[in-house]
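# Structure at a glance
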Amino acid sequence: MYLTVYSIAVAVFWATVFTKLAASFRKRIKDLRYFSLYPFMLVLFFSTLRILFPLELPYTYIVESWKILPWIQGFSRIQLVSFGFVTITPGVLFLTVWILGAAVVFCRHMQNYIRFHRLLHSLPAASDSRLQRMLAEADPQGKLAKAKVIVHEAVASPALSGFLRPVIILPDMYFDDEELLGIFLHESAHFKSRHIFAKLAAELACICFWWNPLLKELPEEISHALELHSDKAVCKKLDKKQQLKYLSVILKVLRNASRPDSLKAASLSLADRPDKRNMEQRFQMILEDHYQKKHKPYCFATLLALLVFLLSYAVIPQPYSEPPLEETVPLDSVPVSDYFFVETENGYDFYRYPDYYIDHLDHPSQIYGLWHTIKIYKNLEEVN
């Protein structure tokens, strides 16, 4: 496995393609209805995985570019300024801006994350026993038994935070028992499926490649996919009447979410982004009972997505370059008598006995002083 600038460029290209395909697929409700939610989520997963692992695999085929990539490579190596042992080229400038930009964006995310978790640790747990009772009902397996439930006015939407020690944050508003059941089922699905890791992986990909505007859709698409996945888990636990109650609490939260939410860093919210199309899709998937239907074709779609993902590693272009002759012809380890030249119209072809072609030379002297000891033939028939 190798990591090169060309494998990174191909990874950015394929991650962008996967993101655009997933966004196009998700916006068509009939596709979700026919194939189910999982192929869409798988394509987003592949998009994140592809950009976080931009490698050349053992089966990767290198396609040599003779014009475009050599020109780009040559341009990136043009010497602009030189200070002693330091030479500034366009390639060095781009790499420097790339690293500094990623560092700045990463520091901003970390600053928000640290500020957010400091605030969470400073807030006391809610004392209402009804919250713990409804949480236990939503999570009978007890995976959220030690979860800290916080009620705070700065929160516009119920949210979940934390990797190993979950924290559930509720806005300072009244929810009845059925509404709390839907909220806790939703946040429980986020925690059990470890959705927070998928969200952070997408944000990390965007931090690393901040200069690519086409990848900005990736975190938003993944956030929406995680909400759809949690909605599906909720619908499996609720009957039709309870599902309608669940939708009503989302509307209730959306009305409350019209004001800015100061607690959004590294958390998963029930409705933190009141995007009209996304919310309409979430309601449509529940009201039309799409989560309860069986989708047989999604197995084929999953296999197709996996095949395309593996094929994305199959080809990587690189600029054509001729290695130094002393690297391709180990004359120091093999007797010189094992080699010969064949005259051509525009130079000499260099061979190893009996007929192994090595390289084309303009003049035998390119063998660095050993050419006068190597035989020269007019054609291969004379060699035989």
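Residues numbered from 1 in each chain as written. Predicted model: local features only at pLDDT ≥ 70, side-chain atom pairs only at ≥ 80, totals over all residues. Heavy atoms only, no water.

### A closer look at the overall build of the protein
Secondary structure summary: the protein contains 14 helices and 12 strands in total. Considering the protein as a whole, with its 384 residues, one finds that 44% of them fall into the buried category. (Helix = DSSP H or I, 4+ residues; strand = E, 2+ residues; numbered from the N terminus. Buried < 20%, exposed > 50% of the residue type's maximum accessible area, 1.4 Å probe, protein only.)

### Quick notes on helix α5 (residues 90–122)
Residue pairs three or four apart in sequence face the same way in an α-helix, which turns once every 3.6 residues. When the terminal C-alpha atoms of α5 are compared, their 48 Å separation across 33 residues agrees well with the 48 Å that a helix rising 1.5 Å per residue should span. Residues of α5 that are buried: P90, W98, G101, A102, F116, H117 and L120. (Expected span 1.5 Å × (residues − 1).)

### Points about the packing of aromatic side chains
One pass over the structure, following the stated rule, counts 18 aromatic pairs. Among the aromatic residues, those joined into a ring-pair cluster are F340, Y351, Y353, Y357 and Y377. Above the face of the Y313 ring, R50 is positioned so that its terminal group lies 3.7 Å from the ring centre. One Lys or Arg, R194, reaches over the ring of F191 and ends 4.6 Å from the middle of that ring. (Phe/Tyr/Trp six-rings, centres within 6.5 Å; stacked < 30°, edge-to-face > 60°. Lys NZ or Arg CZ within 6 Å of the ring centre and 35° of its normal.)

### What about the pairing of strand β11 (residues 356–361)?
Relative to β11, strand β10 (residues 347–352) is paired through 5 bridges, and the arrangement is antiparallel. Within β11, the position partnered with Y351 by the bridge is Y357. (Pairing = 2+ DSSP bridges.)

### A closer look at the pattern of salt bridges
Scanning the entire structure with this criterion turns up 9 salt bridges. Here K20 and E217 are joined by a salt bridge, their closest N and O atoms 2.7 Å apart. One end of the pair, K20, is in helix α1 (residues 5–27); the other, E217, is in helix α9 (residues 217–237), and 197 residues separate them in sequence. Taking the relative accessible area as the measure of exposure, K20 reaches 35% and is therefore partly exposed. Bridged by salt links that share partners, the residues D128, R130, R133 and D177 form one connected network. (Salt bridge = Lys/Arg side-chain N within 4 Å of Asp/Glu carboxyl O.)

### Focus: the packing of α5 against helix α8 (residues 195–208)
Relative orientation of the contacting elements α5 and α8 amounts to 145°, with a least axis distance of 8 Å. Facing W98, A102, V105, F106 and H109 of α5, the residues of α8 in contact are E203, I207 and C208. (Axes fitted to C-alpha atoms, helices over the stretch in contact; angles between N-to-C directions. Contact = heavy atoms within 4.5 Å.)

### Some details on the environment of H229
Secondary-structure assignment places H229 in helix α9. For H229, a relative accessible area of 16% gives the class buried. A sequence separation of 192 residues divides H229 from L37, and the C-alpha atoms of the two residues are 7.4 Å apart.

### Observations regarding a nonpolar patch on the surface
A contiguous nonpolar patch, built from I68, W71, I72, F75, I78, L80, V81, F83, V86 and L93 and spanning about 1000 Å² of accessible area, is present on the exposed surface. Sorting the residues of the nonpolar patch by element identifies α4 (68–76) and β2 (81–83) as the ones contributing at least two each. Looking at the nonpolar patch, the element that brings in the most residues is α4, giving 4 residues. Position of L93 relative to the elements: it lies in helix α5. For L93, a relative accessible area of 42% puts it in the partly exposed group. (Patch = residues over 30% accessible without salt bridge, like charges linked within 9 Å, V, L, I, M, F, W, Y side chains within 5 Å. Areas by Shrake-Rupley, 256 points an atom, 1.4 Å probe, with all protein chains shown as cover.)

### Remarks on the environment of P319
Inspection of the secondary structure assignment puts P319 in strand β8 (residues 315–319). We classify P319 as buried; its relative accessible area is 11%. As for P319 and W66, which are separated by 253 residues in sequence, their C-alpha atoms are 6.2 Å apart. When sequence neighbours within four positions are dropped, the list of residues in contact with P319 reads Y6, S65, L69, P70 and Q73.

### Re the nonpolar core
Among the nonpolar cores identified, the biggest contains 66 residues, and F40, L170, F184, Y246 and I250 are the most heavily contacted of them. Not counting residues within four places of it along the chain, the set of residues in contact with I250 comprises L270, A271, M279, R282 and F283. If you look at the next biggest cluster of nonpolar residues, it comprises 7 residues, including F116, L123, V155 and I169. (Core = buried A, V, L, I, M, F, W, Y, C linked by side-chain atoms within 4.5 Å.)

### A closer look at the sheet that holds strand β6 (residues 167–171)
The mixed open sheet is built from 4 strands, whose spatial order is β4-β6-β5-β7. Of all strands in the sheet, those with a lone pairing partner are β4 (148–152) and β7 (267–269), marking the two edges. Taken pair by pair, the neighbouring strands of this sheet meet at an average axis angle of 25°, ignoring direction. Pairing between β4 and β6: 5 bridges, direction parallel. By the bridge assignment for β6, H152 is matched with P171.

Purely geometric stuff here, so don't read any function into it on its own.
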